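For reference, the chains in residue letters:
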Amino acid sequence: MKIIYTDVLIVGGGLAGLRTATGVKARGHDAIVLSLVPPKRSHSAAAQGGMQASLANSIMGEGDNEDIHFEDTIKGSDWGADQKVVRMFVYTAPKAIRELANMGVPWSRVKRGDRQAIMNAKKVTITESDEAHGLITARDFGGTKKWRTCYTSDGTGHSMLYAMDDEAQKQKIEVHERMEAIALIHEMDANQQQRCYGAVVRNLITGELVAYIAKATTIASGGYGRIYSVSTNAVICQGMGQAIALESGIASLGNMEAIQFHPTAIVPVGILTTEGCRGDGGVLRDVDGYRFMPDYEPEKKELASRDVVSRRMIEHMRKGKGVPSRYGDHLWLDITLLGREHIEKNLREVKDICENFLGIDPAEEWIPVRPTQHYSMGGIRTKYTGESQTLTGLYSCGEAACWDIHGFNRLGGNSVSETVVAGMLVAEYIADYCDDEVSKVDINSDVIEGFIAREREKLEQLLIQENGEDAYDLRESMEKILMDKVGIFRNESDLQSAVDELEQLLIRSNNIEVKGSKSRASNPALVNAYRVQRMLKIAITVAYGALLRKESRGAHSREDYPERNDKDWLKRTLMQWPDSEKTMPEVSYEELDINEMEMPPGFRGYGKDMTIHHPQTPLKQQTIDSIREQSEQKDRFEIQEQIMSYKELLPQKYRSKNERLSERFDTSNGESKI
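Residues numbered from 1 in each chain as written. Predicted model: local features only at pLDDT ≥ 70, side-chain atom pairs only at ≥ 80, totals over all residues. Heavy atoms only, no water.

**Points about the pairing of strand 10 (residues 209-219)**
Part 1: Most of strand 10 sits inside the fold, with 10 of its 11 residues counted as buried.
Part 2: The sheet contact formed by strand 1 (residues 2-11) and strand 10 spans 9 bridges and is parallel. Looking across to strand 10, one finds that Ile-4 is bridged to Tyr-212.
Part 3: Where strand 9 (residues 194-203) hands over to strand 10, the hairpin turn is made up of 5 residues, of which Gly-207 adopts a positive phi near 85°.
Part 4: The pairing of strand 10 with strand 17 (residues 394-396) spans 3 bridges and is parallel. Bridging from a neighbouring strand, Thr-218 pairs with Tyr-395 of strand 17. (Buried < 20%, exposed > 50% of the residue type's maximum accessible area, 1.4 Å probe, protein only. Helix = DSSP H or I, 4+ residues; strand = E, 2+ residues; numbered from the N terminus. Pairing = 2+ DSSP bridges.)

**Some words on the environment of Pro-94**
Part 1: Secondary-structure assignment places Pro-94 in helix 3 (residues 83-103).
Part 2: Each C-alpha atom of the pair Pro-94 and Ile-343 lies 27 Å from the other, and the pair is 249 residues apart in sequence.
Part 3: The residues contacting Pro-94, other than those within four sequence positions of it, are Ala-53, Ser-54, Leu-55, Asn-658 and Arg-660. (Contact = heavy atoms within 4.5 Å.)

**So, the side chain of Thr-22**
Part 1: Its location among the elements puts Thr-22 in helix 1 (residues 15-26).
Part 2: With residues near it in sequence (within four places) discarded, Thr-22 still touches Met-164, Glu-167, Ala-168, Gln-171 and Ile-173.

**Digging into helix 15 (residues 524-548)**
An α-helix turns once every 3.6 residues. As a result, residues three or four positions apart point the same way.
Part 1: When the terminal C-alpha atoms of helix 15 are compared, their 36 Å separation across 25 residues agrees well with the 36 Å that a helix rising 1.5 Å per residue should span.
Part 2: Approximately 25° is the largest bend angle found in helix 15, and it occurs at Val-532.
Part 3: Among the 25 residues that make up helix 15, 21 are buried, leaving the element largely enclosed by the rest of the structure.
Part 4: Two to three positions downstream of the cap, the backbone nitrogen of Ala-525 sits 3.1 Å from a side-chain oxygen, assigning the N-cap of helix 15 to Asn-523. (Expected span 1.5 Å × (residues − 1). Bend = angle between axes of the 7 residues up to and from the residue. Polar contact = N/O pair within 3.5 Å; in protein donor to acceptor, adjacent residues only side chain to side chain.)

**Details of unusual backbone geometry**
Part 1: Look at the link from Val-267 to Pro-268: it is a cis peptide, with omega at 10°.
Part 2: Structurally, the position occupied by Pro-268 is in the loop between strand 12 (259-266) and helix 6 (276-279).
Part 3: In this model, Trp-79 sits at a positive phi of 60°, which is unusual for a non-glycine residue.
Part 4: Topologically, Trp-79 is positioned in the loop between helix 2 (66-76) and helix 3.
Part 5: Taking the relative accessible area as the measure of exposure, Trp-79 reaches 3% and is therefore buried.
Part 6: The backbone of Asn-120 sits at a positive phi, close to 55°, despite the residue not being glycine.
Part 7: Within the secondary structure, Asn-120 is located in the loop between strand 4 (113-119) and strand 5 (122-128).

**What about the sheet that holds strand 11 (residues 253-254)?**
Part 1: Taken together, 5 strands build an open sheet; the order of strands is 18-16-11-24-25 and the sheet is mixed. Of all strands in the sheet, those bounded by a partner on one side alone are strand 18 (401-402) and strand 25 (586-591).
Part 2: Here strand 11 runs beside strand 24 (residues 571-576); their pairing, made up of 2 bridges, is antiparallel. Residue Leu-253 lies in a different strand from strand 24, and its bridge partner there is Met-575.
Part 3: Strands in contact with helix 5 (residues 240-247) are strand 11, strand 16 (379-381) and strand 24; relative to strand 16, the strand with the most contacts, it is inclined by about 40°. (Axes fitted to C-alpha atoms, helices over the stretch in contact; angles between N-to-C directions.)

**Considering the packing of aromatic side chains**
The geometry of two aromatic rings is summed up by the distance between their centres and the angle between their planes.
Part 1: Taken as a whole, this structure holds 8 aromatic pairs when the rule is applied.
Part 2: Seen in terms of ring centroids, Trp-332 and Trp-366 are 6.2 Å apart; in terms of plane orientation they differ by 55°. Their pairing is tilted. One end of the pair, Trp-332, is in strand 14 (residues 331-334); the other, Trp-366, is in the loop between helix 10 (348-358) and strand 15 (367-376), with 34 residues separating them in the sequence.
Part 3: Trp-332 gets classed as partly exposed once you look at its relative accessible area, which sits at 22%.
Part 4: The class for Trp-366 is partly exposed, based on a relative accessible area of 30%. (Phe/Tyr/Trp six-rings, centres within 6.5 Å; stacked < 30°, edge-to-face > 60°.)

**A few points about the sheet that holds strand 12**
Part 1: In space, the 4 strands of this open sheet follow the order 12-15-14-13, with antiparallel pairing throughout. Since the sheet does not close on itself, it has two edges, and those belong to strand 12 and strand 13 (283-285), each with one partner. Going from strand to strand, the sheet's axes swing by 45° on average, the running direction of each strand aside.

**Quick notes on the pairing of strand 5**
Part 1: With 7 bridges joining them, strand 4 and strand 5 adopt antiparallel strand pairing. The partner of Met-119 across the bridge, within strand 5, is Lys-122.
Part 2: Counting the residues in the hairpin turn of strand 4 and strand 5 gives 2 residues, including Asn-120, whose phi is positive at 55°.

**Overview of the state of the cysteines**
Part 1: Considering all chains together, one arrives at 0 disulfides under this definition.
Part 2: Of all cysteine sulfurs, the one in Cys-402 lies closest to Cys-397, which takes part in no disulfide; the gap is 13 Å.
Part 3: Classification of Cys-397 as buried rests on a relative accessible area of 2%.
Part 4: The closest cysteine sulfur to the non-disulfide-bonded Cys-434 is located on Cys-196, 12 Å from its own sulfur.
Part 5: Exposure remark for Cys-434: the relative accessible area of 4% places this residue in the buried category. (Disulfide = S-S within 2.5 Å.)

**Structural notes on helix 12 (residues 445-464)**
Part 1: Taking 1.5 Å per residue, 20 residues should reach 28 Å; helix 12 reaches 28 Å between its end C-alpha atoms and fits that length.
Part 2: What helix 12 keeps buried is the set Ile-448, Phe-451, Ile-452, Glu-455, Leu-459, Leu-462 and Leu-463. Looking straight down helix 12, one finds that the buried residues subtend no more than 120° of arc, so they occupy a single side. Exposed and oriented more than 90 degrees from the buried face of helix 12 are Asp-446, Glu-457 and Ile-464.
Part 3: Check the buried side of helix 12 and you find it contacts strand 1, strand 8 (179-188), strand 9, strand 10, strand 21 (512-513) and helix 15. (Arc of directions from axis to C-beta.)

**Description of the packing of helix 5 against helix 15**
Part 1: Contact geometry for helix 5 and helix 15: axes closest at 9 Å, N-to-C directions at 80°. With respect to their mutual orientation, helix 5 and helix 15 come out roughly perpendicular. Between helix 5 and helix 15, the contacting residues are Met-240, Gln-242, Ala-243, Ile-244, Leu-246 and Glu-247 on the first element and Arg-531, Arg-534, Met-535, Lys-537, Ile-538 and Thr-541 on the second.
Part 2: In terms of residue class, the contact of helix 5 with helix 15 is made up of 6 nonpolar, 2 polar and 4 charged. (Parallel < 35°, antiparallel > 145°, perpendicular 65-115°, else oblique. Nonpolar A, V, L, I, M, F, W, Y, C, P; charged D, E, K, R; others polar.)

**Some remarks on the confidence of the model for the chain**
Should the pLDDT be low somewhere, the predicted coordinates at that spot are not to be read in detail.
Part 1: Considering every residue of the chain, the mean pLDDT works out to 95; 99% of them sit at 70 or more.
Part 2: Predicted confidence is poor over residues 670-674, with pLDDT under 50, and the contacts of this stretch with residues over four places away or in other chains come to 14 contacts. (pLDDT = per-residue confidence, 0-100.)

**Observations concerning the nonpolar core**
Part 1: With 109 residues, the main nonpolar core has Ile-227 and Leu-502 as its most contacted residues.
Part 2: Broken down by element, this core gets its largest block of residues, 15 residues, from helix 15.
Part 3: Counting residues in each nonpolar core, the second largest holds 67 residues, with Phe-70, Val-85, Val-416 and Phe-637 among its members. (Core = buried A, V, L, I, M, F, W, Y, C linked by side-chain atoms within 4.5 Å.)

**Points about the pattern of salt bridges**
Part 1: Taken as a whole and assessed by the stated rule, the structure comprises 64 salt bridges.
Part 2: We note a salt bridge from Glu-180 to Arg-531, for which the minimum N-O separation is 3.0 Å. In this pair, Glu-180 sits in strand 8 while Arg-531 sits in helix 15, placing the two residues 351 residues apart along the sequence. The same class applies to Glu-180 as to Arg-531, namely buried.
Part 3: Residue Asp-307 is joined to Arg-604 by a salt bridge in which the shortest nitrogen-to-oxygen separation is 2.8 Å. Here Asp-307, found in helix 8 (residues 306-321), pairs with Arg-604, found in the loop between strand 25 and strand 26 (611-612); they are 297 residues apart in sequence, far enough to count as distant. Comparing Asp-307 with Arg-604 shows no difference in burial state: the two are buried.
Part 4: Beyond isolated ion pairs, a larger network of salt bridges with shared partners links Asp-78, Glu-257, Asp-307, Arg-311, Arg-549, Glu-551, Arg-553, Arg-564, Asp-566 and Arg-604. (Salt bridge = Lys/Arg side-chain N within 4 Å of Asp/Glu carboxyl O.)

See the structure below:
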């Protein structure tokens, strides 16, 4: 039995994982990062459009601050987010983006004077101030009042990931590539709490099983989009981090039914064309070449929130306005009006994608697009510290987690921002935990051996099975069920059918036969076999959560329950799987307390208000209005703290205020300017 010890084990080598690793290492704790691929090939590199942070440098972001970013994020979440966590996030984001600049991310910058831009399909002149020249600039993104999405052309994730990986190498952080965590190691500790001590890890090249034992274990493995047949996610985004947490029988998953579809993935392969296309002025057109979004959303048009745009596109195609093709109907994304110079400078990845996968020049031709599965708002349910609510010593951040800043819909640019902000903050909380005597590792080697033996037996069973099920067939069936019945629009009949069919697939997966090679070393068929079993459990949590939630909220849209029902459904779905022999998870709910909110539920501003209001909402709103009226002489920070305090939750090092061109602070008291 091979055992590797470290202070902090991090599962996932993308932005969230690397930022967590550098954070704990800076606090004096060793860290090992496990990655399926070299970190620079992680899915974080695919983020094109940008990272939200309220810098307010560009003239179009003038007046932006944490309050406005907070409001946009809560509205975007359709009031499903944890408001204290969102406050922590928006307050730390400007610090994170400046830190990344110091690491070498070449953020696009403000250039003084006049420049041409496209707004509402019309060419306008924007004049940037001399004072802002050289500062980090921003572009427009859906669901925001201000331009705050900072970017590096349309390769933002790529730039961030390379800088972050370089920083990790600079700190000499160990990254173990081609290593896959396949089970969490846990047992009852001296305090009578279930505690995570690390993971059983499979070497994807040799097949060796290794135990990694740590004071703290962090899952930062990304989303689970590949349970759908068409997704913008990388092929490694299969939800394995969430699955091993679920299979612990102790950790909870939150809001797994909250799945976002991106409006503009190319047809047929589903590769993303960034929201920056529309943020920079691109428009959507139908089969007649008609720009239809102003008919549905007169104010925000193409820059409505992603869930809204996706639904409007499907509604329009249902009216017969889609463009017929051998791959089904689609619509057009027109960025030709931006001009070749702009496209080749700020949307060059989009141009390459169109040329390589569609054989078109987007500066001359329209791009065929259709809404496609894109982001997982659900994940491992955590406290504000990033620690599991139910399994001590297990942490999670990034898309793998339900931390929960996104609620039921994510705003563009908030995800790549979350990776580094959550990594910054969670690293501090992990370091605090590791500093404490309570984190001391005390686990018997027999327990470790037991977990390894159990996983080895599972793998052997797959290899010796004969005349069994084909894992590829099961996976294809699962993907089709999710795509057809748990998509943008949902209903009782389809969801019940999806749950029933997925449950039967899970039962059948107990008899999977690994076809072809029986190698215990590098064997893609074996990998697919054991992953499919876990993907089916994740798929069930998605479909079952959607079936039970009888309302529409954010990206969860029920045609049979079109109202957002705050009265009965202002709560988070929690899933656990304590009995491995059962074919369905256990479900519970976590109430969102209006009395603890800074921003009580209201109208998002899209379409018709279909809200069934919570009886406590009017009273809470009156209380907040009263506080504001009585606090006219106070600054916005004092008023905000009076309404909902959160600063004490932040690590001390990140509590200083964020300066902006229009908002300077007195530093004579020693408060640093960040």
